Amino acid sequence: VSQIENLINKKVDALIMAPISAEGIAAIVNEAVKKKIPVYFLGEAAHTKNLTGYASENDYDLGFRGMDWLCRNIKGRGKIAILAGPAGNTYTESINKGARAALKNYPDVKLVDEKWGDSEDPAVGQELAENLLNATPDLNGFFVVEAQVHGVANTLKERKLTDKVALATVYPFQETIPYIQDGSVDYGVTGYSLTNARIILNTVIRNLNGEFEVPR
């Protein structure tokens with residue numbers, strides 16, 4: 001919010017936001033629009049009608065597809081854990097809702113635990129995975145958001161469980177590629193963040209040049 005306030009005071013020509021909380025910035029977005037600054041969103045949008053453009057991933061769908069793959073991979077039966085990322089973030093909450101919707105289609109898959117935490121820190125994933133495996137040694141799979149999957153993969157390698165425990169992730173990072181190549185991360189589902197960023201920036205430039213407006 002303070003960053004947006006500073007940019008409003010600088011009288012920028014447009015704002016592009018990739019918010020963590022759709023609710024948390026709605027008021028300041030409305031304030032920017034009142035001051036004739038068009039606002040665009042990338043990834044998630046604030047809960048406001050005062051937006052000019054929006055390029056989005058379907059995080060619910062990504063969560064659904066990741067969980068559906070995991071459940072199918074373990075033959076629709078077994079025990080799994082979810083490492084959902086930071087609580088209260090609009091995108092992680094959407095991923096989680098999609099994952100849980102997919103899980104309902106597999107009544108013989110038991111969710112033994114769900115942990116929320118820093119999704120960009122592999123050390124968090126490693127600690128959570130170790131604790132979960134200590135509590136449930138016969139765990140069949142992990143559903144993990146973002147780079148904490150690296151820590152989970154490292155734990156599975158150390159315990160020689162890579163071939164026994166399925167590991168699916170949503171939003172793998174560039175650094176996840178070696179884990180996919182060596183088979184320690186089994187499945188990753190992601191969107192088109194770079195493409196979306198190009199789309200929204202091109203839209204802003206064209207709008208400012210008076211070329212077109214994005215249809216509501």
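Each remark here, short or long, concerns the structure printed above.
The notes below deal with the structure included here. Per chain, residues are indexed from 1 in the order of the written sequence. Predicted model: local features are reported for residues with pLDDT of at least 70 only, side-chain atom pairs are reported and counted for 80 or more only, and whole-chain, interface and lining totals are derived from all residues. Each side-chain value is derived from all of the structure's non-hydrogen atoms; neither hydrogens nor water enter the calculation.

1. A closer look at the environment of P86
Turning to step 1, where the next piece is worked out: The topology assignment puts P86 in the loop between β4 (78–85) and α4 (90–103).
Turning to step 2, where the next piece is worked out: Three exposure classes are used, based on accessible area relative to the maximum for each residue type with a 1.4 Å probe and protein chains only: buried under 20%, partly exposed in between, and exposed over 50%. A relative accessible area of 21% places P86 in the partly exposed class.
Turning to step 3, where the next piece is worked out: Considered as a pair, P86 and A153 are 67 residues apart in the sequence and their alpha carbons are 19 Å apart. Runs of H or I in DSSP of at least four residues are treated as helices and runs of E of at least two as strands, each being numbered from the N terminus.

2. Focus on the environment of H47
Turning to step 1, where the next piece is worked out: Inspection of the secondary structure puts H47 in the loop between β2 (39–43) and β3 (53–56).
Turning to step 2, where the next piece is worked out: Here H47 falls in the exposed class, since its relative accessible area comes to 54%.
Turning to step 3, where the next piece is worked out: Here the alpha-carbon distance between H47 and S21, two residues 26 residues apart in the chain, equals 9.2 Å.

3. Considering the nonpolar core
Generally speaking, nonpolar side chains in soluble globular proteins are found buried as a group.
Turning to step 1, where the next piece is worked out: Grouping buried Ala, Val, Leu, Ile, Met, Phe, Trp, Tyr and Cys residues that are joined through side-chain atoms within 4.5 Å yields what is termed a nonpolar core. Counting residues in hydrophobic clusters, the biggest one holds 23 residues, and the most contacted among them are M67, L70, I80, I95, V109, F143 and V170.
Turning to step 2, where the next piece is worked out: Elements supplying a minimum of two residues to this core: α3 (59–73), β4, α4, β6 (141–145) and β7 (166–170).
Turning to step 3, where the next piece is worked out: In what follows, residue pairs with any heavy atoms lying within 4.5 Å of each other are defined as contacts. Not counting residues within four places of it along the chain, the set of residues in contact with F143 comprises G63, G66, M67, L70, A81, I82, L83, I95, A99, A168 and V170.
Turning to step 4, where the next piece is worked out: With 18 residues, the next largest nonpolar core counts L161, V165, Y179 and V185 among its residues.

4. Looking at the pairing of β6
Turning to step 1, where the next piece is worked out: In terms of residue burial, β6 counts as a mostly covered element, since 5 of its 5 residues are buried.
Turning to step 2, where the next piece is worked out: Looking at chain direction, β4 and β6 are connected through 4 bridges and run parallel. By the bridge assignment, I82 is partnered in β6 with F143. Two strands pair under a simple rule: DSSP has to find at least two bridges between them.

5. Looking at helix α8 (residues 193–208)
Turning to step 1, where the next piece is worked out: By this rule, a helix spans an expected 1.5 Å times one less than how many residues it contains. Between its first and last C-alpha atoms α8 spans 23 Å; for 16 residues at 1.5 Å apiece the expected length is 22 Å, and the two agree.
Turning to step 2, where the next piece is worked out: By the burial criterion, the buried members of α8 are N196, I200, T203, V204 and N207. Axial view of α8: buried residues confined to an arc of 100°, hence all on one face. In α8, those exposed residues whose orientation departs by more than 90 degrees from the buried face are L194 and R198.
Turning to step 3, where the next piece is worked out: Each element contacted by the buried residues of α8 is listed here: β1 (15–17), β2 and β3.
Turning to step 4, where the next piece is worked out: With its phi angle positive at about 75°, G210 sits one or two positions after the end of α8. Arc, as used here, means the arc of the directions from the helix axis to the C-beta atoms.

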